[in-house]
Amino acid sequence: EVRLRVVPTMKTPGGRAVLHDKETIPLAAGADGVLTGAFTADRDGFYRIELDATTGERVAASPQYTIDVLADQAPTVSFTRPGRDTTASPIEEGFVEASAEDDHGVRNLELVYSVNGGPEKRITLFGGRTRLPEVTASHTFYLEELNVQPGDSVSYFARASDNDSIEGAKRATSDLYFLRIRPFKKVFRPAMSMGGGGGGGGQPEDALSEQQRQ
């Protein structure tokens with residue numbers, strides 16, 4: 001629906017909008033002299049404004065404006081964090097943040113994940129009643145609760161739908177990412193030598209270097 005608000009440079013009793021040189025839309029004059037009206041843009045074409053002169057004739061009061069009807073596009077959805085494959089130990093946490101955008105508003109945003117290619121599980125990140133052109137939401141994977149082991153992997157992606165009530169909601173999905181489970185970190189430390197030196201004191205420099213390499 002296109003809503004018109006026409007402000008004339010001279011006082012006029014009324015006017016109309018002409019669509020595609022065929023249809024006419026009446027314009028109602030308010031107390032402040034501003035004329036208003038509305039029409040539905042359902043196809044490409046053009047419109048112009050005609051106003052009533054005080055002499056009774058109707059005159060062109062605007063140039064011809066183009067109407068371009070655009071097809072509704074699916075939303076865009078992606079991960080802002082981490083935005084890449086990652087690794088973690090079986091007791092760590094994996095934080096992910098997804099973002100979705102749509103010109104007519106995001107209807108819902110969900111996270112879909114699977115452990116080792118098993119059944120998909122869904123988590124609703126956003127499902128508000130208010131239409132928002134942009135939504136950002138996050139989730140934390142508690143790997144210990146997923147009972148994963150080193151060598152396992154958690155695959156995940158985000159899915160969003162828009163508010164297209166004419167042709168039906170359009171869906172879009174993000175890229176697929178993997179959270180791979182690695183073994184616990186191993187930290188090696190050299191054993192402290194228990195042997196005591198003689199009166200000369202200290203180990204030779206080459207012996208100390210060899211100990212550090214070991």
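Predicted, not measured: the structure shown is a model, and the values here were computed from it.

Parameters at a glance
Residues numbered from 1 in each chain as written. Predicted model: local features only at pLDDT ≥ 70, side-chain atom pairs only at ≥ 80, totals over all residues. Heavy atoms only, no water. Helix = DSSP H or I, 4+ residues; strand = E, 2+ residues; numbered from the N terminus. Contact = heavy atoms within 4.5 Å. Areas by Shrake-Rupley, 256 points an atom, 1.4 Å probe, with all protein chains shown as cover. Salt bridge = Lys/Arg side-chain N within 4 Å of Asp/Glu carboxyl O. Buried < 20%, exposed > 50% of the residue type's maximum accessible area, 1.4 Å probe, protein only. Phe/Tyr/Trp six-rings, centres within 6.5 Å; stacked < 30°, edge-to-face > 60°. Lys NZ or Arg CZ within 6 Å of the ring centre and 35° of its normal. Lys, Arg positive; Asp, Glu negative; His and termini not counted. Polar contact = N/O pair within 3.5 Å; in protein donor to acceptor, adjacent residues only side chain to side chain. Core = buried A, V, L, I, M, F, W, Y, C linked by side-chain atoms within 4.5 Å. pLDDT = per-residue confidence, 0-100.

S.K.: How would you sum up the overall build of the chain? Please name residues and give values.
M.R.: For the chain, the helix and strand inventory stands at 1 helix and 15 strands. Restricting the contact set of the chain to residue pairs at least 6 apart, pairs at least 24 apart contribute 61%. Of the roughly 14500 Å² of accessible surface on the chain, a fraction of 48% belongs to carbon and sulfur atoms.

S.K.: For the pattern of salt bridges, give the residues involved together with the corresponding values.
M.R.: Scanning all chains against the criterion turns up 11 salt bridges. The salt bridge partner of Glu-50 is Arg-16, with a shortest N-O separation of 2.9 Å. Separated by 34 residues along the polypeptide, Glu-50 in strand β5 (residues 45-52) and Arg-16 in strand β2 (residues 15-19) bring together distant segments of the chain. Assessed through its relative accessible area of 10%, Glu-50 is described here as buried. We classify Arg-16 as partly exposed; its relative accessible area is 25%. Each of Arg-16, Asp-21, Arg-48 and Glu-50 takes part in a single network of salt bridges with overlapping partners.

S.K.: Quick one: what's the story with the side chain of Asp-164, residue by residue and with numbers?
M.R.: Secondary-structure assignment places Asp-164 in the loop between β13 (153-162) and β14 (171-173). Relative accessible area serves as the criterion here: at 12%, Asp-164 is assigned to the buried category. Apart from the residues lying within four places of it in its own chain, the contact partners of Asp-164 are Asp-72, Ala-169 and Lys-170.

S.K.: Which residues make up the packing of aromatic side chains, and what values do they have?
M.R.: Using the criterion set out here, one finds 7 aromatic pairs in the structure. For the pair Phe-141 and Tyr-156, a centre-to-centre distance of 5.7 Å together with 50 degrees between the ring planes defines the contact as tilted. Of this pair, Phe-141 sits in strand β12 (residues 132-142) while Tyr-156 sits in strand β13, and the two are 15 residues apart along the sequence. There is no split in this pair, since Phe-141 and Tyr-156 are both buried. Taking the ring centre of Phe-178 as reference, the NZ or CZ of Arg-180 above it sits at 4.9 Å.

S.K.: An account of the side chain of Asp-162 is requested, with residue identities and associated values reported.
M.R.: You can see Asp-162 is positioned in strand β13. Among buried Asp, Glu, Lys and Arg side chains, Asp-162 stands out as unpaired, with Lys-170 the closest opposite charge at 5.0 Å. Engagement of the side chain of Asp-162 in a polar contact is seen with the backbone nitrogen of Lys-170, the distance being 2.8 Å. For Asp-162, the residues in contact, after removing those within four places along its chain, are Asp-72, Gln-73, Ala-74, Pro-75, Asp-102, Gly-105, Arg-107, Gly-168, Ala-169 and Lys-170.

S.K.: Help me get a handle on the nonpolar core, residues and values and all.
M.R.: One finds Phe-79, Leu-109, Phe-141 and Tyr-156 to be the most contacted residues of the largest nonpolar core, which totals 25 residues. Going through the elements one at a time, β8 (76-81), β10 (93-115), β11 (121-126), β12, β13 and β15 (177-181) are the ones with two or more residues in this core. With 12 residues, the next largest nonpolar core counts Val-6, Ala-17, Leu-27 and Tyr-47 among its residues.

S.K.: Describe in detail unusual backbone geometry, supporting the description with residues and values.
M.R.: Residue Arg-81 is joined to Pro-82 through a cis peptide bond whose omega torsion reads -5 degrees. One non-glycine residue, Asn-116, adopts positive backbone phi at about 55 degrees. Relative to the elements of secondary structure, Asn-116 occurs in the loop between β10 and β11. The exposure class assigned to Asn-116 is partly exposed, which follows from its relative accessible area of 46%. The backbone of Asn-147 sits at a positive phi, close to 55 degrees, despite the residue not being glycine. Tracing the sequence through the fold places Asn-147 in the loop between β12 and β13.

S.K.: Lay out the environment of Thr-80 with the relevant residues and their values.
M.R.: Examined against the element boundaries, Thr-80 turns out to sit in strand β8. According to the relative accessible area criterion, Thr-80 is partly exposed, its value standing at 43%. When the C-alpha atoms of Thr-80 and Val-96 are compared, they prove to be 7.8 Å apart, with 16 residues separating the residues in sequence. Residue contacts for Thr-80: discarding those within four places in its chain leaves Glu-97 and Ser-99.

S.K.: Can you lay out the confidence of the model for the chain for me, pointing to particular residues and giving the numbers?
M.R.: In the predicted model, the chain carries a mean pLDDT of 87, and 87% of its residues have values of at least 70. Every residue in residues 196-201 is under pLDDT 50, and counting partners more than four places away or in other chains gives 0 contacts.

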